[in-house]
Amino acid sequence: MHQRFDDVSDESIAYLVDRFYAKIRADARLGPIFEGVIAAKGWPGHLATMRAFWSSVMLTTGRYKGNPMLAHMRLEGVRPDDFEHWLVLFQETCEELFTDQIAAAFREKAGRIAQSLQFGMFYRPEEHQPRAVS
Ligand code: HEM
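Residues numbered from 1 in each chain as written. Predicted model: local features only at pLDDT ≥ 70, side-chain atom pairs only at ≥ 80, totals over all residues. Heavy atoms only, no water.

> How would you sum up the site of the ligand? Please name residues and give values.
The environment of the ligand is made up of 23 residues, and the closest members are Phe-34, Lys-41, Tyr-64, His-72 and Trp-86. Between His-72 and the ligand, the recorded distance is 2.8 Å, taken from a side-chain N or O atom to a nitrogen atom. Secondary structure elements with two or more residues in the shell around the ligand: α2 (30-41), α3 (43-59), α4 (68-73), α5 (80-97) and α6 (100-122). Among the elements that take part in the shell around the ligand, α3 stands out by supplying 5 residues, more than any other. Broken down by class, the residue content of the shell around the ligand amounts to 16 nonpolar, 4 polar and 3 charged. (Near = heavy atom within 4 Å. Polar contact = N/O pair within 3.5 Å; in protein donor to acceptor, adjacent residues only side chain to side chain. Helix = DSSP H or I, 4+ residues; strand = E, 2+ residues; numbered from the N terminus. Nonpolar A, V, L, I, M, F, W, Y, C, P; charged D, E, K, R; others polar.)

Spelled out as structure tokens, the structure:
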């Protein structure tokens, strides 16, 4: 077991992305959701996108130019509790690779982004009746 990274860099992000998506692919619930979408364009492309994404989020490099909300709104068969599971795997991976403080920083960012993706994917304003004003 190597020492845990105590810095966020493009190198340590590359380890995180590789390790996390290896777990995702091996996961009985999330694996098939990803394979179905990513098989066509290939995993190397997705991993490169995710390295750029985390580099932008954690190092503000601006390398990622995409629209995560749109990409997730197109997905079929994702349930709200899949996000909980995604976050558990992500946190586990961060804790394996990084010192506690850095793992917590990744987890916090991921949690916020997961919240906003879920809001876009699952919130249906028409199903929420405004409360009657008396
Ligand atoms: C249940 C949870 C999730 C599932 C099933 C999921 C699934 C996917 C899939 C299948 C793609 C590929 C879409 C495509 O290429 O068309 C994708 C892309 C992506 N995901 Fe997720 N995702 C989840 C949660 C998250 C979270 C929490 C984050 C951020 C913290 C995230 C960040 C991204 C980004 C940045 C992309 C690339 C979008 C682009 O093409 O620019 N995902 N996700």
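> Now, about the nonpolar core: what can you tell me, with residues and values included?
Counting residues in each nonpolar core, the largest one holds 34 residues, and the members touching the most others are Tyr-21, Ile-24, Trp-54, Trp-86, Phe-90, Phe-98 and Phe-106. Among the elements of the structure, α1 (10-26), α2, α3, α5 and α6 are those that each provide at least two residues to this core. The residues contacting Phe-90, other than those within four sequence positions of it, are Leu-16, Phe-20, Trp-54, Phe-106 and Ala-110. (Core = buried A, V, L, I, M, F, W, Y, C linked by side-chain atoms within 4.5 Å. Buried < 20%, exposed > 50% of the residue type's maximum accessible area, 1.4 Å probe, protein only. Contact = heavy atoms within 4.5 Å.)

> Tell me about α3, residues and numbers included.
Over its 17 residues, α3 extends 23 Å from the first C-alpha to the last, a length consistent with the 24 Å expected when each residue adds 1.5 Å. Among the residues of α3, Trp-43, His-46, Leu-47, Met-50, Ala-52, Phe-53, Trp-54, Ser-55, Ser-56, Val-57 and Met-58 are the ones counted as buried. Those residues of α3 that are buried lie in contact with α1, α2, α4, α5 and α6. Just downstream of α3 lies Thr-60, where phi reads positive at about 45°. (Expected span 1.5 Å × (residues − 1).)

> Explain the packing of aromatic side chains residue by residue, including any values.
A complete count under the given rule lists 17 aromatic pairs for this structure. An angle of 70° between the planes, with centres 4.8 Å apart, marks the rings of Phe-20 and Trp-86 as edge-to-face. Of this pair, Phe-20 sits in helix α1 while Trp-86 sits in helix α5, and the two are 66 residues apart along the sequence. In this structure Phe-20 comes out as buried when scored by relative accessible area, which is 1%. Given a relative accessible area of 18%, Trp-86 falls into the buried group. (Phe/Tyr/Trp six-rings, centres within 6.5 Å; stacked < 30°, edge-to-face > 60°.)

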